[in-house]
Amino acid sequence: MHNNRPFRILSLDGGGTRGIISARILQEVEKQTQEQYGQSICQYFDMIAGTSTGSLIAAGLSVGYSPEDMIAVYRDQGMEIFPYHSLFSLERWKIMLKYGLSAPKFFHDGLIKVLHGLTRFQHSNGDFIKLAEAGRTCADQEIPNPILLILAYDAMYRNTTFFTNYHPNAKKKWFDGQPLWKVCLASASAPTFFPACELNHTSKSEQYEEAWSFPHVDGGVTANNPALCAISQAIELGHRLEDIQLLSIGTGQNKKPLDFKTIEGWGLIKWGLRITDVFMEGQAEVQSKICLNLLGGTKSHRYLRLQFDLNESFGEPANHLAQAPIQPNAQRVNKWLKKQVSEAMDDARPNTIETLLQATESYLENGNVFASRFDHYGSIKENIQQFILASTRERQRHTLP
C-alpha cells in the first residue's frame, strides 16, 4: 500500500482535439477530489500517464494547470494545431512541397507554438522545464508529485519509450534532460497527421562524446490507452498489483461500422488513412479489458473506465441474442444530443469543440458505467464518487428495462 491507501493512477488516452472530452471529465473528477479530500487531481493521484493528446494534459497537470486551463487550450488554440480540416486544403501545399504527395497533413509549427506558449512549461528565467523537473518543487525532491509517464514510439529502435520523471532503479536516463514540451511533441506526432519528431542526446564520457538521434512518433501506435503501461510501471516501482487503483479516461469512441463490402478490397492507402480510428482506437479497448480483469473485474472499485460512443451506429437488437442492426448514415447521431458529433481527431473548428463539450456534459449527467450491452453499474457521477472514496462495497449491477 502507498501510505496505507492504494497507489492511484490516472490514465489519459490519445485522441487529438477530442482530448477536450478528457479535460471536461477531469473537471468532474477534480470536483470530487476537492469535495472528499480537499485535493487537486495532481495531489490526489500518485501517477499520471498520457499518450498523444493525453500526454499534453498529463504534462499540464503535472506543472500545475487545472482541467479548466486545459479545456481553454483546446477551445482557444485548437485551430493553431489543426488549422484546416480537409486533407485537400490549399493550405497544405507547403508541406507537400517539402515532403511530397505522401506528406503528413500538418506541420508541427502550430503544435510547437501552443506548447511554447504554456508558461508553466518554463522557468521564470524563460528556460524550458525538463522532463526530470516536472512534478518537483525543488531539485532534491526524491519522488515527484505526480509521477509522470508519457509514451511515444521510437522508430529507430522499434520500441515504446516510457518517458518518466521518476526511475529510481536507473540513476540517469537519456531523456531526463529533454524539455517537457518536446516529449509531448514526440508523443503527439501521429503518423499521417504530423511529421516524426527527432529527440537528440549527447552521450559523454572521459573517452568519447557521441551524438544520438531518437526519431519518435505518436505513442498511440502501440499504446493509445496507456493504462496497462502505467500498471507495469507502478509494479516496476515496487507496488503490488492488488494495491493499485486506476482511473482510465478516453476521448470518445468512433464506432463507425466497416462492413465487408466496404473493406474487402482496401489496400495500403485506404487502410493507411484509417490508422488512427482502426489501429490506434481498436487496441485501446483491448487494453481496457485486460486492465479491468487485472484489477479485480467489473465489481471492483479499483478500476474505472470513462468512455462513451460519440455517435450511435447501431440500432436496438430484437433480443439479447440478435445482432444489432447498422443505422443509416443520417441516423448515426449522439445518444443524448440527437445530432452527429464529429469523430475526427483533427477537427478543431469552434462548433465541433463546443459540440464535443456538450456531448461530454450529457454523458456526465445521463451516462452509466456499463458491464455489458444491457447491464450497468449506475451513473457516471456515482461511479466517480465511489472510485474517489476507494469504496470497498461491490458495485451493484442494474439491468436496463
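Residues numbered from 1 in each chain as written. Predicted model: local features only at pLDDT ≥ 70, side-chain atom pairs only at ≥ 80, totals over all residues. Heavy atoms only, no water.

Right, let's talk about the pairing of strand β6 (residues 209-218) for a bit. The pairing of strand β3 (residues 147-154) with β6 spans three bridges and is antiparallel. Within β6, the residue paired with D154 across the bridge is H216. As paired strands, strand β5 (residues 197-204) and β6 are joined by eight bridges and run antiparallel to one another. Opposite T202, over in β6, you have A211 as the bridge partner. (Pairing = 2+ DSSP bridges. Helix = DSSP H or I, 4+ residues; strand = E, 2+ residues; numbered from the N terminus.)

Attention shifts here to the pairing of strand β7 (residues 244-249). Among the six residues of β7, six are classified as buried, and the element is accordingly described as predominantly covered. Residues I244, L246 and S248 point to one face of β7 and Q245, L247 and I249 to the other, with burial holding for every one of them. Sheet analysis places strand β1 (residues 7-12) next to β7, joined by six bridges and oriented parallel. What sits directly across from S11, in β7, is S248. (Buried < 20%, exposed > 50% of the residue type's maximum accessible area, 1.4 Å probe, protein only.)

Looking now at the state of the cysteines. If you walk through the whole model with that rule in mind, you get zero disulfides. The closest cysteine sulfur to the non-disulfide-bonded C42 is located on C184, 13 Å from its own sulfur. For C42, a relative accessible area of 15% gives the class buried. Here C229 is not disulfide-linked; the sulfur of C291 is the nearest cysteine sulfur, at 8.8 Å. (Disulfide = S-S within 2.5 Å.)

Our next topic: the packing of helix α13 (residues 350-366) against helix α14 (residues 380-388). Taken N-terminus to C-terminus, the directions of α13 and α14 make an angle of 75°; their axes are 5 Å apart at the nearest point. As summarised for this structure, α13 and α14 are arranged roughly perpendicular, according to the angle between their axes. Between α13, through Y363, L364 and E365, and α14, the contact on the second element is made entirely by I380, K381 and I384. Along the lines of polarity and charge, the residues of the contact of α13 with α14 split into four nonpolar, no polar and two charged. (Axes fitted to C-alpha atoms, helices over the stretch in contact; angles between N-to-C directions. Parallel < 35°, antiparallel > 145°, perpendicular 65-115°, else oblique. Contact = heavy atoms within 4.5 Å. Nonpolar A, V, L, I, M, F, W, Y, C, P; charged D, E, K, R; others polar.)

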